[in-house]
Amino acid sequence: MIAVALHEARMIGRRAIWPAVLILHAAATASFVIVWGPTGGVPLWQASLLEQLTAMDRLAAAALLTWLATAVLTDDGARRLADWSALAGLPTATVFRARITALVTLSLVFIAVAAPAFVAAGEISAATPRDIARHIGMSLGFSALAAGVTAAASVALRDRVGVWCTAMAVCLIAALGVRMLPTDLMRMLAPAIAGLIMLAAVPSMLRSRRVTDGD
Amino acid sequence: MLRVEGLPIRAGGPALTFDVADGRCVGLLGADVPALLRLAETLAGLRTPLVGRVWIDGPASICLARAAHPRTTLGEHVGTIGAARGLTRSTVDEGIARLGLTGNMPLTTPSARAAAALLGALIAGRGVLVLHDPFANLDAGVRAKAIDWIRALAAAPTSIVITGADERDVRAVSHSVIEIEAGR
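Starting from 1, residues in each chain are numbered consecutively following that chain's sequence as written. Both sets of labels track the order of writing: A upward for chains, 1 upward for ligands. Side-chain atom pairs in this predicted model are given and counted only at pLDDT of 80 or more, local residue features only at pLDDT of at least 70, and totals for whole chains, interfaces and linings cover all residues.

*Asks:* Please clarify how the overall build of chain A should be interpreted in this entry.
*Replies:* Secondary structure counts use DSSP, requiring at least four H or I residues in a row for a helix and at least two E residues in a row for a strand, with both numbered from the N terminus. Summing up its helical and strand segments, chain A has nine helices and zero strands in all. Counting from the amino terminus, chain A carries its helices and strands in the arrangement α-α-α-α-α-α-α-α-α. The 215 residues of chain A split such that 46% are buried. Exposure is read from a count of other C-beta atoms within 10 Å of each residue's own; the residue is exposed at 12 or fewer, buried at 20 or more and partly exposed in between. C-beta atoms are placed from the backbone.

What follows is the structure, encoded as structure tokens:
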């Protein structure tokens, strides 16, 4: 499985979407610190800049990592999995697990590009290195969750938009459920976003079911 | 050993029944290439037959050009297959050299992808080997070396099925040929 996981990581890393996701993530986190760093954070948001950045980063992961995972996992549908299963002489489930392993491993890089922004936000917030490392670790865990959730959605749904919307909604709900979004503002915004995303996913889910029934 | 019983090449078409013993190569020759590809996929276990049965004794491998991606190199593609099948890197490198190719060749051309697909099947070549249109797009030199390799495999305990529309290609390596269109 390791050989196939390495191959999948290589294939994902060579897609145009991969540097795009990394650049967007680095730009979003750096911009947040540059814009709100001088004022110590977003006004009316009772949290340190580091906590605000961590919350914002989860929204970025929920959108960008699920986008990447959707593009990768739904590419060529199940046929490519079956092809590699035949070529490698492995069960399809093993090839699928290898692909998820590659995605989760690459989420390390996704978080790594935001590390400078975390460090800068931590210094502005006078946080200890341990606190900064804890926030980065939590972001990493959330990124792995986003990859896993998208993988699960790609098994249940075939439609690319449906997979992405559903994965985003589940990630946001998960973030709310474990109180990862610390301010009242974000708590008000996140359910509304999750509701909208789920509504957007319903037609895709229905279309996917029709396709499945028709097979 | 491969055994096929009552497997139609297409819905309503003639059903195929044949055996491929170890050390034999059977060619399936026909003009309907998409149907032959589906048949090859079924023989390799990629598809479940709706009608008829396929018995495969041992591991199966298939030559699939569509799985060779332009973003990879020949060495990466074949190396992944080799590693997943428990082959050493030196075995893979020997295979690449046997076809007169180099591992850093990018799979950006149909010829390179065809070579990667064929090589991926040949290095795994034991048990049942299913080759669909294996020489299409191949350079003449690579084609000649691949034919020698397939003939050598056919002398080993490997059951080989080759499908395609090019009579010259199919007959080049087959011990016996089934002409699909004639229903024989």
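*Asks:* Explanation requested: the sheet that holds strand β3 (residues 25–29) of chain B in the structure shown.
*Replies:* Sheets are built from strands that pair by backbone hydrogen bonding, the pairs being arranged parallel or antiparallel. Residues and elements named next belong to chain B. Strands qualify as paired when DSSP identifies two bridges or more between them. Ordered by their spatial adjacency, five strands build an open sheet running β5-β6-β7-β3-β8, and the pairing between neighbours is parallel. This sheet does not close on itself; its edge strands, each paired only once, are β5 (60–63) and β8 (176–179). Recorded for the sheet is a direction-independent mean angle of 15° between the axes of neighbouring strands. Pairing analysis gives five bridges linking β3 to strand β7 (residues 158–164), with the strands arranged parallel. A fitted line through C-alpha atoms serves as each axis, taken over the contacting stretch for helices, and the angle formed by two N-to-C directions is quoted from 0 to 180°.

*Asks:* I'm lost on unusual backbone geometry in this one. Help?
*Replies:* Leaving glycine out, the prevailing phi sign among residues is negative, and the prevailing peptide bond configuration is trans. In the Ramachandran plot, A126 of chain A falls in the positive-phi region, its phi being about 60° despite a non-glycine side chain. Among the secondary structure elements, A126 of chain A is positioned in the loop between α6 (115–124) and α7 (129–156). Given 10 C-beta atoms within a 10 Å radius, A126 of chain A is considered exposed. Its identity as a non-glycine residue notwithstanding, D133 of chain B has a phi of 45°, on the positive side. Among the secondary structure elements, D133 of chain B is positioned in the loop between β6 (127–132) and α5 (140–154).

*Asks:* Looking at this structure, how should I read the sheet that holds strand β4 (residues 53–56) of chain B?
*Replies:* Residue and element names in this part refer to chain B. Strand order across the open sheet formed by three strands is β2-β1-β4, with antiparallel pairing between neighbours. The open sheet is flanked by β2 (15–20) and β4, the only strands paired with a single partner. Each strand axis lies, on average, 10° off the axis of its neighbour in the sheet, ignoring direction. Examined bridge by bridge, strand β1 (residues 2–8) and β4 share four bridges and lie antiparallel to one another. Directly across from V4, in β4, lies its bridge partner V54.

*Asks:* Explanation requested: the nonpolar core in the structure shown.
*Replies:* The nonpolar side chains of a soluble globular protein tend to be buried, and buried together. Counting 123 residues, the largest nonpolar core has A146 of chain A together with A115 of chain B as its most contacted members. If one sorts the elements of this core by residue count, helix α3 (residues 49–73) of chain A sits on top with 17 residues. Whether two residues are in contact depends on their C-beta atoms, placed from the backbone: they are in contact if these lie within 7 Å. Aside from chain neighbours lying at most four places away, what touches A146 of chain A is A61, A62, L65, T66, A69, A167 and C171 of chain A. A set of buried Ala, Val, Leu, Ile, Met, Phe, Trp, Tyr and Cys residues, joined to one another through C-beta atoms within 7 Å, is what we call a nonpolar core.

*Asks:* How should the interface of chain B and chain A be read in this particular structure?
*Replies:* Reports often express the size of an interface as the amount of accessible area lost when the parts come together. Taken together, the contact between chain B and chain A spans 19 residues of the former and 14 residues of the latter. Listing elements by their share of the side of chain B that touches chain A, those giving two or more residues are β5 and α2 (74–84) of chain B. At five residues, the largest contribution of residues to the side of chain B that touches chain A is made by α2 of chain B. When the residues that make up the side of chain B that touches chain A are grouped by side-chain class, the tally is ten nonpolar, five polar and four charged. Amino acids are sorted into nonpolar (Ala, Val, Leu, Ile, Met, Phe, Trp, Tyr, Cys and Pro), charged (Asp, Glu, Lys and Arg) and polar (every other residue, Gly among them).

*Asks:* It is not clear to me how the environment of D159 of chain A should be interpreted in this structure. Could you clarify?
*Replies:* Residues and elements named next belong to chain A. Note that D159 resides in the loop between α7 and α8 (160–177). Accessibility expressed as a C-beta count within 10 Å gives 21 for D159, which makes it buried. For the pair D159 and T70, spaced 89 residues apart in sequence, the C-alpha separation works out to 9.6 Å.

*Asks:* I tried to follow the environment of L16 of chain B on my own but got confused; where do I start?
*Replies:* Residue and element names in this part refer to chain B. Along the polypeptide, L16 turns up in strand β2. On a C-alpha basis, the gap between L16 and V177 in space is 12 Å, while along the polypeptide they are 161 residues apart. Discounting residues that sit within four places of it in the chain, L16 has contacts with V4, L7, I9 and I178.

*Asks:* I tried to follow the pairing of β5 of chain B on my own but got confused; where do I start?
*Replies:* Along any regular strand, the residues point their side chains to alternate faces of the sheet. Residue and element names in this part refer to chain B. A two-sided burial pattern is seen for β5, the buried positions comprising A60 and I62 on one face and S61 and C63 on the other. The sheet contact formed by β5 and β6 spans four bridges and is parallel. Across the sheet, the residue bridging to I62 is V130, located in β6.

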